[in-house]
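What follows is the residue order along each chain.
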Amino acid sequence: MLKILPVAFVAATVFVASTNYPNASLAETCASQCGIRPIQFTPGQRIRLQVVNTTSNLVKLEKLQETKPIPLQAGEKFQLDNEQQSNISLVFWDEKGLPLKAIFSKPNAGTLRVELGRGKVNPGDRSLDILSDGRVKVY
């Protein structure tokens, strides 16, 4: 009888704790709540950068310290092929000053596709950085 008492005490404690704190007793994997995996490339990898203007306005792009502003008409695509990845910075803006939303995808191992669409909140997305460690950041 004395050996059953500690087991019963532990079972009662687990039961009471699970009813008072239901989330504490439900273990879940990261896959159930960790969100979308961030886009990343292998450091030093050559990257094809595709930019698509899905707005109805003129959007301008500028690769910092390397190009003059590049106009991108509504529905037009722009591509930078085989960019050596070492902190690539791209700034974009709507010619009318409207906010933009950048949607990123990785259609294959060496391509980053950026679709620029109409944003809902000012100032919206304005720049993209591909860092030398392979991470992609949006500001």
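Here goes a summary of the coordinates provided. (Residues numbered from 1 in each chain as written. Predicted model: local features only at pLDDT ≥ 70, side-chain atom pairs only at ≥ 80, totals over all residues. Heavy atoms only, no water.)

**Some thoughts on the side chain of Asn 57**
Selection rule: A run of DSSP states H or I qualifies as a helix once it reaches four residues; a run of E qualifies as a strand once it reaches two. Both are numbered from the N-terminal end. Burial here depends on accessible area, computed with a 1.4 Å probe over protein chains only, as a share of the maximum for the residue type. Under 20% is buried, over 50% is exposed, and the range in between is partly exposed. Here a polar contact is taken to be a pair of N or O atoms separated by no more than 3.5 Å, where protein atoms must pair a possible hydrogen donor with a possible acceptor and residues adjacent in sequence count only if both atoms sit in side chains.
Counting through the fold element by element, Asn 57 comes out in the loop between β1 (46–53) and β2 (59–63). Exposure remark for Asn 57: the relative accessible area of 8% places this residue in the buried category. Separated by 3.1 Å, the side chains of Asn 57 and Asp 94 make a polar contact.

**Some remarks on the packing of aromatic side chains**
Condition: When two rings of Phe, Tyr or Trp (its six-membered ring) have centres within 6.5 Å they constitute a pair, described as stacked for plane angles under 30 degrees, edge-to-face for angles over 60, and tilted for the intermediate range. Over a ring means this: the NZ of a Lys or the CZ of an Arg is within 6 Å of the ring centre and within 35 degrees of the ring normal.
The full count for this structure, using the stated rule, is zero aromatic pairs. For the cation-ring pair, Lys 106 lies above Phe 41, with the distance from its terminal atom to the ring centre recorded as 4.5 Å.

**Regarding the sheet that holds β2**
Consider a sheet: its strands pair through backbone hydrogen bonds, and that pairing is either parallel or antiparallel. In plain terms, the rule: Here a strand pair is declared whenever DSSP counts at least two bridges between the two strands. A fitted line through C-alpha atoms serves as each axis, taken over the contacting stretch for helices, and the angle formed by two N-to-C directions is quoted from 0 to 180°.
In space, the five strands of this open sheet follow the order β3-β2-β5-β8-β9, with antiparallel pairing throughout. Bordering the open sheet on either side are β3 (70–72) and β9 (136–138), each of which pairs with just one other strand. Across this sheet, the average inter-strand angle for adjacent strands is 20°, counted without regard to direction. Pairing between β2 and β3: three bridges, direction antiparallel. Each bridged residue has a counterpart across the sheet, and for Lys 60 the counterpart in β3 is Pro 71.

**Remarks on unusual backbone geometry**
Of the consecutive residues Asn 122 and Pro 123, the connecting peptide bond is found in the cis state with omega at 5°. Mapping Pro 123 onto the fold places it in the loop between β7 (111–118) and β8 (127–130).

**Remarks on the nonpolar core**
For clarity, the threshold we go by: As used in this record, nonpolar core signifies buried Ala, Val, Leu, Ile, Met, Phe, Trp, Tyr and Cys residues forming a set joined through side-chain atoms within 4.5 Å.
Core analysis: the largest hydrophobic core is formed by 20 residues, its most contacted members being Leu 49, Phe 92, Leu 112, Val 114, Leu 116 and Leu 128. For this core, the elements supplying multiple residues, two or more each, are β1, β2, β5 (88–94), β6 (100–108), β7 and β8.

**Regarding the environment of Gly 97**
Checked against the element boundaries, Gly 97 lands in the loop between β5 and β6. Residue Gly 97 is classed as exposed on the basis of its relative accessible area, which comes to 55%. For the pair formed by Gly 97 and Pro 123, sequence separation is 26 residues and the distance between their alpha carbons is 8.8 Å.

**Structural notes on the pattern of salt bridges**
Operational definition: Only one rule defines a salt bridge in this text: a Lys or Arg side-chain nitrogen within 4 Å of an Asp or Glu carboxyl oxygen.
Tallied over the entire structure, the rule returns three salt bridges. Its salt-bridge partner being Glu 95, residue Lys 60 comes within 3.6 Å of it at the nearest N-O pair. Here Glu 95 lies in the loop between β5 and β6 and Lys 60 lies in strand β2, a separation of 35 residues in the sequence. Assessed through its relative accessible area of 23%, Lys 60 is described here as partly exposed. Looking at Glu 95, the relative accessible area reads 43%, which means it is partly exposed. The shortest N-O distance in the salt bridge between Asp 133 and Arg 135 comes to 2.7 Å.

**A look at the side chain of Asn 53**
Inclusion rule: Here a residue-residue contact requires only that any non-hydrogen atoms of the pair lie within 4.5 Å.
You can see Asn 53 is positioned in strand β1. Assessed through its relative accessible area of 0%, Asn 53 is described here as buried. Within the local environment of Asn 53, its side chain forms a polar contact with the backbone oxygen of Asn 57, the two atoms lying 2.8 Å apart. With sequence-adjacent residues up to four places away left out, Asn 53 is seen in contact with Leu 58, Val 59, Leu 72, Gln 73, Ala 74, Gly 75, Glu 76 and Leu 116.

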